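A closer look at the structure
One letter stands for each residue in the lines below.
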Amino acid sequence: MNRPPRRSNHARIWVGLAGIVIGVSVTVAVLVNRTRGDDGIDQSGNAPVVTLPAVEAGSPIQSEAAAIQPTSAAPTPTDAVTRYIEAEIAANSLASYGQLSADDRAAVGYEDWEQGQDERPPYVSFSIVDETDETVVVEAQLTPAINEVDGVIPGRAEVTFEVLSEDGGYRVSLDDTAMRPQFPDRSLAAPVAQSWLTASQGCRADERAAFEYDGSLLGTLGLVESLCGIAGTAQTPRSGEYDELTDPSILLSAFGGDASDWTQVATFTGLTGLEKLQVILAPLGDQWVVVGGLAVP
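Described below are features of the structure shown in this document.

Its identity is not glycine, yet D167 carries a phi of approximately 55 degrees, on the positive side. Along the chain, the position of D167 falls in the loop between β5 (156-166) and β6 (169-182). Residues other than glycine seldom take positive phi values, yet C203 does so here, at roughly 60 degrees. Mapping C203 onto the fold places it in the loop between α7 (189-201) and α8 (205-209).

Turning next to the state of the cysteines. Under the defined criterion, the tally for this structure stands at 1 disulfide. Here C203 pairs with C228 through a disulfide, and the sulfurs are 1.8 Å apart. Across the S-S bond linking C203 and C228, the dihedral sits near 110 degrees, which makes this disulfide right-handed. Taken together, the positions of C203 in the loop between α7 and α8 and C228 in the loop between α9 (223-227) and β8 (238-241) put the pair 25 residues apart, joining distant regions of the chain.

Along the chain, L218 turns up in strand β7 (residues 218-219). Between the alpha carbons of L218 and L251 there is a distance of 7.6 Å; along the sequence they are 33 residues apart. With near-sequence residues (within four places) excluded, L218 lies in contact with E148, I250, L251, A254, F255, V291, G292 and G293.

In this section: the environment of T272. Summarising the element assignment, T272 is placed in the loop between β9 (264-268) and β10 (276-284). Separated by 25 residues in the primary sequence, T272 and P297 place their C-alpha atoms 9.4 Å from one another. For T272, the contacting residues outside a window of four places in its chain are I230, A231 and G232.

Our focus in this paragraph is a negative patch on the surface. A cluster of acidic residues, D130, E131, D133 and E134, forms a negative patch at the surface. Assignment of secondary structure puts D133 in the loop between β1 (123-131) and β2 (135-142).

Strand order in the open sheet made by the 4 strands is β1-β2-β5-β6, with antiparallel pairing throughout. Both edges of this open sheet fall to β1 and β6, since each of them pairs with a single strand only. Taken pair by pair, the neighbouring strands of this sheet meet at an average axis angle of 30 degrees, ignoring direction. Bridge count between β1 and β2: 7 bridges; the pairing is antiparallel. Residue pairing across strands places Y123 opposite L142, the latter belonging to β2.

The rules behind these values
Residues numbered from 1 in each chain as written. Predicted model: local features only at pLDDT ≥ 70, side-chain atom pairs only at ≥ 80, totals over all residues. Heavy atoms only, no water. Helix = DSSP H or I, 4+ residues; strand = E, 2+ residues; numbered from the N terminus. Disulfide = S-S within 2.5 Å. Contact = heavy atoms within 4.5 Å. Patch = residues over 30% accessible without salt bridge, like charges linked within 9 Å, V, L, I, M, F, W, Y side chains within 5 Å. Areas by Shrake-Rupley, 256 points an atom, 1.4 Å probe, with all protein chains shown as cover. Salt bridge = Lys/Arg side-chain N within 4 Å of Asp/Glu carboxyl O. Lys, Arg positive; Asp, Glu negative; His and termini not counted. Charge placed at Lys NZ, Arg CZ, Asp CG, Glu CD. Pairing = 2+ DSSP bridges. Axes fitted to C-alpha atoms, helices over the stretch in contact; angles between N-to-C directions.

Written out as structure tokens, the structure reads:
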């Protein structure tokens with residue numbers, strides 16, 4: 001089976017290019033006294049009073065992005081990456097923005113960078129594992145998540161940062177920085193699917209929910225209800241990946257093309273009235289959770 005085009009990890013987890021919005025703030029004080037005559041016409045002659053900030057002759061109007069001065073360049077590539085990640089962990093967008101390369105700052109204005117905090121990797125901790133004059137490799141701990149906006153955010157990842165020599169030191173360049181997610185052992189997925197199915201057959205909703213992610217289950221409508229009390233003994237599931245799915249489109253529409261990288265499928269047989277049951281799992285930190293299922297009559 002041909003796999004669908006994949007969304008770039010870089011495109012999903014870092015803020016996209018945005019234009020710089022130029023604005024000039026003006027303090028306006030309006031004083032309007034209206035004295036109307038018998039004909040209802042304003043006869044006061046008062047006009048709005050506008051107070052403008054003092055501007056010296058020849059002073060240029062600067063954009064907000066231009067007014068944000070970068071912090072001093074780091075003395076080493078490792079220092080540049082360390083400063084950047086520590087600022088992101090502290091949710092200090094101004095500090096992390098100040099560590100970016102000139103090209104990055106030109107491409108993304110500070111206002112967009114600040115507003116895009118939630119779209120960047122949610123770093124928790126990190127350690128440096130390798131360094132050259134051009135790259136720094138980091139083992140990062142992230143806050144894991146599964147949702148239909150970000151897809152899967154791994155709990156751990158290897159991040160290779162590109163660094164550039166600028167301003168007498170080094171700065172981080174996100175243009176070629178790449179993240180390689182580290183997922184839990186795939187052999188752990190099928191036992192989770194088995195536990196989920198057993199709880200579903202036994203109509204034990206609370207127990208079943210412990211093996212599911214927080215979103216709505218994808219796939220066959222009313223699947224959980226149909227499995228409650230179903231007869232038959234499910235055989236040991238056959239483990240597979242994305243290509244095993246009868247209908248992969250349910251994952252593509254919910255999580256995008258990257259779903260082909262992490263999907264695990266546990267296929268059960270032996271249930272009354274079904275040719276097979278495919279339980280779909282995704283990684284959440286160091287474990288697997290059920291995100292959906294397909295019942296094939």
